[in-house]
Each structure stands twice: as structure tokens, then as C-alpha cells.
Amino acid sequence: MNKIEELIEKFCPEGVEYKELGEIFKISRGRVMSKEYLRDNVGEYPVYSSQTVDNGEIGKIDTYDYDGEYLTWTTDGANAGTIFYRNGKFSITNVCGLLKLKVKDIISRFAYYYLSISMKSFVSSGMGNPKLMSNVVQTIQIPIPPLAIQQEIVNILDKFTELEAELEAELEARRKQYEYYRNQLLTPIEVGGKWLMNGDEVEWKTLGEIGEFKYGFTDKAKDIGNVRFVRITDINENGKIIENDFKYLDLTDDNEEFLIYKGDLLMARTGATYGKTMLFNEDYPAIFASFLIRIRFKDKSILPAYYWHFSQSSQYWNQANRLVGGGAQPQFNANVLKIIKLPIPPLSEQERIVGILDKFDALVNDISKGLPAEIEARRKQYEYYRNKLLTFKEKE
């Protein structure tokens, strides 16, 4: 029997009482703050809104509305029902709700952990806009075990949270290290009028000199078929193919020329992901969709994996951002792609660079290896223990 079980057996063997949030918290909402207001009142105190990135922070201003220990939740939009623990001086916008304890028999952080499991289940998606309003929040029930049990659970879950934060910080440091070495390895130096990489002379060539380009196939994706249909949305932020939500087509005479094979590269040519490049290394047959450009090399002087690493580097992106068309939807067509210049060292040096950068990439991006795998394992472990620790029998 662990310590939590011993405490439950000692203090609440018959179960625990559940109370509605309206009984134990003062519930309120934030205020409207425009982008102009945030810009004109810049300061040191955070403002939280409906987003979840950056812990919900959308800016900092020179005043604050709240000071102390609170919970906030997102009331509207895709992140509705997301709960946050706050402690300090801050403000919130009108799409945030606020919970302030008004009783002494519950710990705010215990309530935060419990609501992180249950709160999203109360979100209403009526009219297409998810919402979790105060009148619903006040009816959500929460268990009230003795304070000693609450504190022990908080201590355990805080340790999990701290460990994950440490791993996330280490991962971010490794990503910066990866970016630094990638740019170093892929940037030649000029010596005596020659460009060298690791002592080997390199050639500068445009992508148009070494590559062949083809635009993708336009069709409606299907749930069944005999070839995968790779779309622009199937390239993730790390330039890798997404391994879920497969869509398909049937292979026909009309689309056979759009097949992609191992070693082909696909580049997103429009929208928010323009310029993002993926190396296709899968064993299954696939056709690539419109809004993608397939890149194949005319000869064996360049490794596809070398180019893929180059396409992640600052050398590539400095050119891409300069060459892309303006407007609300950036366009990066084949004519622009042909202008991209890259250094091409001997194949042996390309292989060396790919070997080093592949290891870095696996360490920071591969969910089955390295730090991402460890973070994922810790997250699952945390969720298992959180759900187990926060399940209580209700007192009759």
C-alpha cells in the first residue's frame, strides 16, 4: 500500500465529498484588450488569452489586474476548456475565465490537476465555435479529499511536471545545438579563391542546374485506395511525413506519372508552410498532391538526404524568404526554386555531413528515439499516475 492509499484508508475510507466549482471558487472573466492596447502599454506583466502556446501569453503590459494564486481557463475557440495554474501578477482577456478560491479545504494546484483531466469534457461545440462559459463551469464537480491527501498528490504530480520541464529545456538546447552545427557544416569557407568544406573543394550550383521539378496531381482524397495521397498537410514542422490520417487514391493511367519513390523530395509551394521540404523514405506507393513540387536530381552528384538537410538550414531559408512572392498566400513556384544556390562537396563529404546531422535530427525530432521519445514516455507515465491519483470514490 502506497502513501496515498494509506492516507485514503485512514482519512476517507467511505469516499470523499464532491462539490461544484461555484461553491468553492469565485468565478469571473477577463476584459477586452486590443492589439493596439497591448502595443501602447508595453510593460513587465503578462496578459493571458485563449491560446495555449507560450503558456497562453499574448503580450506584457505595464499594469496588472490580479496578484496571487488563481486558475484560468480558455472560454472560446479551439482551446476551450484548457486550464492553467497562475501565481503572480497578471491580466487576462475576455476569452479567459478566472477561478479564485474562496474556501480553505482545497488546494488550488490540486484543483488544477483534477480539472486538467475533466474540464474539456464540458466544452460545448454548438454553432461551430467551442465554448465553456462560466454558467457551465460553476456546475462542474470536483472531489474534496483531506488536505494531506491533496498535498501529497500535488507533490507527486509536481515532480513529474518538473522532470518534463527539464527534459523540454534540454530538448530546446539540443535543437539550438543542432541548428548551429547544421549551419556550420553546410556553410563553406573561402580560402585562396576556393570554397572549401572540411578541406574539400565545393561547387556552387543552382537547384535548376541539378534538379527536375514537377507539380502535383489534383484530385479529391479518399479514405480507401491502393496508393497513399500525400498532401501539403502531410508535411510536419520538422520536414517529415506525418504517419497518421492517411488518405488514398486509386492508381490510374492519369496519375501514374505523379508517383513518388524513395529518395524523392517534396516541397510545399504555397501557404504558411511554403518552402518546407520533405524527403520521402517510405516503402509504400504514393502520389503527391497539388501545392507540392517533386524534386528529383538529374545525376548522382548530390545525395537527396544532403539536400534535405540543406533545405532546413539558414542558407536555404535566407534565399527562400527573399525570393518568395508577397501577398497573403506566399508562393514558391518551380521558377523561383530553380534560383536557389547550394554548395555541393564531394559525395564522401556529403555522406559525412548527412551522418552527423541524421544523428542530431533523430535526437531532437524522432518520437521513437532520443529526447522526444523520453519526453513522450514521461508524459504517458504522468498521465497514468495523474488519472490514477485523481480518481476518488464519492461518499454516499
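Please refer to the structure placed before this passage.
All figures in this text were calculated on a predicted structure; none of them were measured in a lab.

Conventions adopted
Residues numbered from 1 in each chain as written. Predicted model: local features only at pLDDT ≥ 70, side-chain atom pairs only at ≥ 80, totals over all residues. Heavy atoms only, no water. Buried < 20%, exposed > 50% of the residue type's maximum accessible area, 1.4 Å probe, protein only. Helix = DSSP H or I, 4+ residues; strand = E, 2+ residues; numbered from the N terminus. Contact = heavy atoms within 4.5 Å. Pairing = 2+ DSSP bridges. Axes fitted to C-alpha atoms, helices over the stretch in contact; angles between N-to-C directions. Core = buried A, V, L, I, M, F, W, Y, C linked by side-chain atoms within 4.5 Å. Patch = residues over 30% accessible without salt bridge, like charges linked within 9 Å, V, L, I, M, F, W, Y side chains within 5 Å. Areas by Shrake-Rupley, 256 points an atom, 1.4 Å probe, with all protein chains shown as cover. Salt bridge = Lys/Arg side-chain N within 4 Å of Asp/Glu carboxyl O. Lys, Arg positive; Asp, Glu negative; His and termini not counted. Charge placed at Lys NZ, Arg CZ, Asp CG, Glu CD. Polar contact = N/O pair within 3.5 Å; in protein donor to acceptor, adjacent residues only side chain to side chain.

Q: How would you summarise helix 9 (residues 314–323) if you had to cite specific residues and measurements?
A: Quick reminder: α-helices carry 3.6 residues per turn. Residues three or four places apart thus point the same way. Here helix 9 has its buried residues at Q315, Y316, W317, Q319 and A320. Looking at the packing, one finds that the buried side of helix 9 touches strand 12 (203–206), strand 17 (265–268), strand 18 (277–279), helix 8 (304–310) and strand 21 (341–344).

Q: A description of the sheet that holds strand 2 (residues 25–29) should follow, citing residues and the corresponding values.
A: Picture the strands of a sheet paired through backbone hydrogen bonds; they go either parallel or antiparallel. Judged by pairing direction, the sheet is mixed, and its six strands sit side by side in the order 2-7-5-6-3-4 without closing on themselves. Bordering the open sheet on either side are strand 2 and strand 4 (57–61), each of which pairs with just one other strand. In this sheet, adjacent strand axes meet at a mean angle of 35° when their direction is disregarded. With two bridges connecting them, strand 3 (residues 42–48) and strand 6 (residues 83–92) associate as parallel partners. Its bridge partner being in strand 6, Y48 is matched across the sheet by I92. Packing against the sheet, helix 4 (residues 108–118) makes contact with strand 2, strand 5 (66–74), strand 6 and strand 7 (96–101), and its axis sits at approximately 130° to strand 6.

Q: Which residues make up the sheet that holds strand 19 (residues 286–288), and what values go with them?
A: The four strands are arranged 15-14-19-16 in an open sheet whose pairing can be described as mixed. Where the open sheet ends on each side, the last strands, each with one partner, are strand 15 (248–249) and strand 16 (259–260). Bridge analysis of strand 14 (residues 227–230) against strand 19 gives three bridges, and the strand direction is parallel. Looking across to strand 19, one finds that F229 is bridged to I287.

Q: So what's going on with the side chain of Q150? Residues and values would help.
A: With respect to the helices and strands, the residue Q150 is situated in helix 6 (residues 147–185). Owing to a relative accessible area of 0%, Q150 belongs among the buried residues under this scheme. Not counting residues within four places of it along the chain, the set of residues in contact with Q150 comprises D105, I106, I107, F110, I144 and P145.

Q: Just give me the short version of the nonpolar core, but keep the residues and values in it.
A: Counting residues in each nonpolar core, the largest one holds 40 residues, and the members touching the most others are L207, Y307, Y316, F332, L337 and L342. For F332, the residues in contact, after removing those within four places along its chain, are M267, R269, Y274, G275, I293, Y316, A320, L323, V324, L337 and I340. In this structure, L71, I83, L115 and Y382 belong to the second largest nonpolar core, which totals 34 residues.

Q: Can you break down a negative patch on the surface residue by residue, with the values?
A: Among the surface-exposed residues, E14, E17, E20, E23, E394 and E396 lie close enough to one another that they form a single negatively charged patch. With respect to the secondary-structure elements, E23 resides in helix 2 (residues 21–24). Given a relative accessible area of 46%, E23 falls into the partly exposed group.

Q: Describe the pattern of salt bridges, listing the residues and the values that go with them.
A: Scanning the entire structure with this criterion turns up 21 salt bridges. With a shortest N-O distance of 2.8 Å, E57 and K60 are connected by a salt bridge. Residue E349 is joined to R352 by a salt bridge in which the shortest nitrogen-to-oxygen separation is 2.9 Å. Linking E349 with R352, this pair stays in helix 11 (residues 347–365), spanning three residues, or about one helical turn. Residue classification places R352 among the partly exposed residues on the basis of a relative accessible area of 32%. Salt bridges sharing partners connect three or more residues here, namely E164, E168, E376 and R379.

Q: How would you explain the environment of Y274 if you had to name every residue and give the values?
A: You can see Y274 is positioned in the loop between strand 17 and strand 18. Assessed through its relative accessible area of 13%, Y274 is described here as buried. In this structure the C-alpha to C-alpha distance between Y274 and F332, which are 58 residues apart in sequence, comes to 6.4 Å. A polar side-chain atom of Y274 sits 2.5 Å from a polar atom in the side chain of N321.

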